[in-house]
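Given next are the chains, with one letter for each unit.
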Amino acid sequence: MNLFDFHLTLPITDPTWVFFIVLIIILFAPIILGRLRIPHIIGMILAGVLSGEHGFNLLMYDSSFKLFGKVGLYYIMFLAGLEMNMSDFKENRGKAFVLGVLAFALPMILGFISNITILQYGLITSILLASMYASHTLIAYPIVIRYGIARQRSVSIAVGGTAVTDTFTLLVLAVISGLYKGEASEMFWIWLVVKVVFLSFLIIYFFPRIGRWFFRRYSDGVVQFIFVLAMVFLGAGLMEFVGMEGILGAFLAGLVLNRLIPHVSPLMNHLEFVGNALFIPYFLIGVGMIINVHILFGKGDALKVALVMTTMAMLSKWIACWITQKIYKMSAMERELMFGLSNAQAAATLAAVLVGYNIILPGGERLLNDDVLNGTIVLILFTCIISSFVTERAARKVAMETEMDTEVKKGKQEEKILIPLANPDTIEDLMGLSMLIRDAKQKDNLIALSVINDDSAATSGEEGRSKRNLERAAKISAAAGLSLTTVSRYDLNIASGIIHTAKEYGVTDIVIGLHRKMNIVDSFFGNLADNLLKGTNREVMIAKFLMPVNTLRRVVVAVPPKAEYEPGFSKWVEHFCRMGSILGCRVHFFANEETLIRLQQLVKKKYSNTPTEFSVLEEWGDLLLLTGQVNYDHLLVVISARRGSISYDSSFERLPGQLGKYFSNNSLIILYPDQFGEPHEVISFSDPRGYSEPQNYDKVGKWFYKWLKKN
């Protein structure tokens, strides 16, 4: 007797298990491949390759993948239109239009010539393939947001040029697909143009008006979400009804609904969530299932096609940016930034290759064959990585150049120091540190916080401990003649409570105690500090004191290279000079020569009364060099940086191990200065690169540079 009636046959066709396997792939593929620094859009496609008939044959490309695939394709194009920054386009519309036309025309011309001569494709195939080189996706845009340079002229031009280029590309795709859907006649082209223009006018004119009318009358989030989806598929369906490709309608719907759906709104969050969680991953997995990787490494021309596609796409984009730079007399750095933003191929390229792949010619062959399909995956992989690498380097240099002016222009911000309290043993030390670094000219700038977990485990005992901690902190501040704002709140977790309080009170600095390792798998800083650094861009001090703060004899500050270009540089220098002045102890800075020059200039100009000393630290990556400089009654301050910031270096990854090994018997502070841009990046498929470490691209670039220099 078979109790479970279980029979395993591949591929799996039972809908329950098919959907379960797809969900497992969607769940784990970004996590696993993200650790390998593989862009998420490529990771999902590779997962589809492994699970499809050309891989382990777990799943079959059935009607569900065709249905969700089409929905996901429309969703990608809709989000691409929805995320266009139309205000930036209007601000630099002339320059953006020039870049957009050049970034479309040059890839079309160079691509068409190379497709005809090198790849020896036919006329229509060469045109469609060349249009794929022209499109680009702003996957590197989160990088410029992180560096706070999104309003730079070159960034606005690249963003506006994207709308122009992608629109032209989709028009070419729509015309070619329409050519094979209808019967060609003498009036075909005229009738096709009339239909496209008329339908585009209907979408551009009526969709915003209908949307505005609907949003004014119905505020329910679910109803609004369903309405927007209906408009997307209405636009796509109308385009298909007149014989065009539906993705053009979805893209136009995203453009015209752009203003009605703010980027920071619950509706936008719902749209991105559903797309990134289900529709787009399902589509990408389906793309991977139809790819035959054996062709790429077989006797065919897949590698040749991939090489030509990648070379032509990157070369033509660089030439377009170079011509734009010369026309408007822009700097080389602006050209590099435009090239980095406009080089990546993702959404529109993937849409074009699938449309061409599904078009069957009269002879039975596909308009775009398997070689092109495989070559497109290589094209997306390389351009995404190179785009991230180039944009990272250019954005960092631009931010370094503009940081000086920004610091001069911005006024003195009202100081608010937040002191989260959890461990009674650290209250005196954290309060003492906060009172030393605060600006004495400002009143009521200290806030003590106690967060209670908002779950069933929360008891009156925890409330009592929270109250006692806040009372003790208030007594310490009152003894010093200072006022203290005390806040007690419930929240889902400690980090969330700190972040929300910091936003509500306009906090500029956060002082927390160093996490106690409870077991071997705990990190040095702990989950609280890690989550806090992701959730706020304000200055964070993580402190551990082995003796009272007022008994310290010296403050030793280890400063990494390029720390002077961080927005919070002057602030933390002021904090420790203020501490040294009040305690009457010497502040000893260790840094490389360039950073020391800036430190000396700043200290001499503003804090000349503080006893200071400056020494050269040649090798930042090895803090063992400082062991002879830090005694038991000294305070070691390590200036660190968040990932992706200007002064961040891969050697920071070894920092916890070095601190725990060499300075376990010393008082120390790890400081993360103020940072440009958004505090946290959400991983999504609208950003196919994902939040991977840009420093890995830097390592590759440096390796190639050293290798070329050596040879």
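Residues numbered from 1 in each chain as written. Predicted model: local features only at pLDDT ≥ 70, side-chain atom pairs only at ≥ 80, totals over all residues. Heavy atoms only, no water.

Regarding the sheet that holds strand β8 (residues 612-616)
Across the sheet, 10 strands lie side by side as β3-β2-β1-β4-β5-β10-β9-β6-β7-β8; this open sheet has mixed pairing. Whereas interior strands pair on both sides, the edge strands pair on one side only; in this sheet they are β3 (485-491) and β8. For this sheet, the mean inter-axis angle between neighbouring strands, taken without regard to orientation, is 20°. Sheet strands touched by helix α22 (residues 569-583): β4 (509-513), β5 (539-544), β6 (554-558), β7 (586-591), β9 (634-639) and β10 (667-672). Its angle to β5, the strand with the most contacts, is close to 40°. (Pairing = 2+ DSSP bridges. Helix = DSSP H or I, 4+ residues; strand = E, 2+ residues; numbered from the N terminus. Axes fitted to C-alpha atoms, helices over the stretch in contact; angles between N-to-C directions. Contact = heavy atoms within 4.5 Å.)

Side note on the packing of aromatic side chains
Aromatic rings in a pair are described by how distant their centres are and how their planes are angled relative to each other. Tallying each qualifying case throughout the model produces 20 aromatic pairs. Each member of the aromatic cluster is reached from another via a ring pair, and the members are F19, Y61, F65, F68, Y75, F78, F279 and Y282. A cation over a ring is seen here: R209 above Y205, with NZ or CZ 3.9 Å from the ring centre. Geometry around Y357 places R366 over its ring, the cationic atom sitting 4.1 Å from the centre. (Phe/Tyr/Trp six-rings, centres within 6.5 Å; stacked < 30°, edge-to-face > 60°. Lys NZ or Arg CZ within 6 Å of the ring centre and 35° of its normal.)

What about the pattern of salt bridges?
Going through the model one piece at a time under the given rule, you end up with 11 salt bridges. Measuring nitrogen to oxygen at the nearest pair gives 2.8 Å for the salt bridge that ties D674 to K571. You can see D674 sitting in the loop between β10 and α25 (694-710) and its partner K571 sitting in helix α22, a full 103 residues away along the chain. Accessibility expressed as a relative area gives 9% for D674, which makes it buried. Here the salt bridges do not stand alone but share partners, grouping D509, R538, K571 and D674 into one network. (Salt bridge = Lys/Arg side-chain N within 4 Å of Asp/Glu carboxyl O. Buried < 20%, exposed > 50% of the residue type's maximum accessible area, 1.4 Å probe, protein only.)

Here we look at the packing of α22 against helix α23 (residues 593-606)
The contact between α22 and α23 brings their axes to 11 Å, and the two run at 60°. The angle between α22 and α23 places the two elements in the oblique class. Here α22 and α23 pass one another in a crossing that is right-handed. Contacts between α22 and α23 involve F569, S570, W572, V573 and C577 from the first element and R598, L599, L602 and V603 from the second. Looking at side-chain class alone, the contact of α22 with α23 contains 7 nonpolar, 1 polar and 1 charged residues. (Parallel < 35°, antiparallel > 145°, perpendicular 65-115°, else oblique. Left-handed = near helix turned anticlockwise from the far one by under 90°. Nonpolar A, V, L, I, M, F, W, Y, C, P; charged D, E, K, R; others polar.)

Some words on a nonpolar patch on the surface
On the surface, W17, F20, I24, L27, F28, I31 and I32 cluster together into a nonpolar patch covering about 680 Å² of accessible area. Tracing the chain through its elements places I31 in helix α1 (residues 15-35). (Patch = residues over 30% accessible without salt bridge, like charges linked within 9 Å, V, L, I, M, F, W, Y side chains within 5 Å. Areas by Shrake-Rupley, 256 points an atom, 1.4 Å probe, with all protein chains shown as cover.)

Quick word on helix α12 (residues 266-289)
If you check α12, its first and last C-alpha atoms are 34 Å apart, about what 24 residues at 1.5 Å a residue would give, namely 34 Å. At N276, α12 is deflected by roughly 50°, the largest bend along its length. (Expected span 1.5 Å × (residues − 1). Bend = angle between axes of the 7 residues up to and from the residue.)

Thoughts on a negative patch on the surface
A surface patch of like charges, here negative, comprises E593, E594, E618 and E619. Its location among the elements puts E619 in the loop between β8 and β9. (Lys, Arg positive; Asp, Glu negative; His and termini not counted. Charge placed at Lys NZ, Arg CZ, Asp CG, Glu CD.)

What to know about a positive patch on the surface
Taken together, the side chains of R209, R212, R216, R217 and R259 define a basic patch exposed on the protein surface. Inspection of the secondary structure assignment puts R259 in the loop between α11 (246-256) and α12.

So, helix α5 (residues 93-117)
Given 3.6 residues to a turn, an α-helix orients residues that are three or four positions apart in the same direction. Helix length check: α5 (25 residues) gives 36 Å between terminal C-alpha atoms against 36 Å at 1.5 Å per residue, within 8%. For α5, every residue scored as buried is listed here: A96, L99, G100, L102, A103, F104, L106, P107, M108, G111, S114 and N115.

Focus: the nonpolar core
Soluble globular proteins tend to pack their nonpolar side chains together in the buried interior. Of all hydrophobic cores here, the largest spans 100 residues; its most connected members are M77, V228, I247, L271 and L350. Looking at this core, the element that brings in the most residues is α12, giving 11 residues. One finds I417, L446, I639 and I669 within the second-largest nonpolar core, a separate group that totals 46 residues. (Core = buried A, V, L, I, M, F, W, Y, C linked by side-chain atoms within 4.5 Å.)

Topic: unusual backbone geometry
Its identity is not glycine, yet N57 carries a phi of approximately 60°, on the positive side. Mapped onto the fold, N57 is located in the loop between α2 (40-51) and α3 (63-82). Residue classification places N57 among the partly exposed positions, given a relative accessible area of 26%. One non-glycine residue, K562, lies in the positive phi region at around 70°. By the element assignment, K562 lies in the loop between β6 and α22. Under the relative-accessibility criterion, K562 is labelled partly exposed at 35%.

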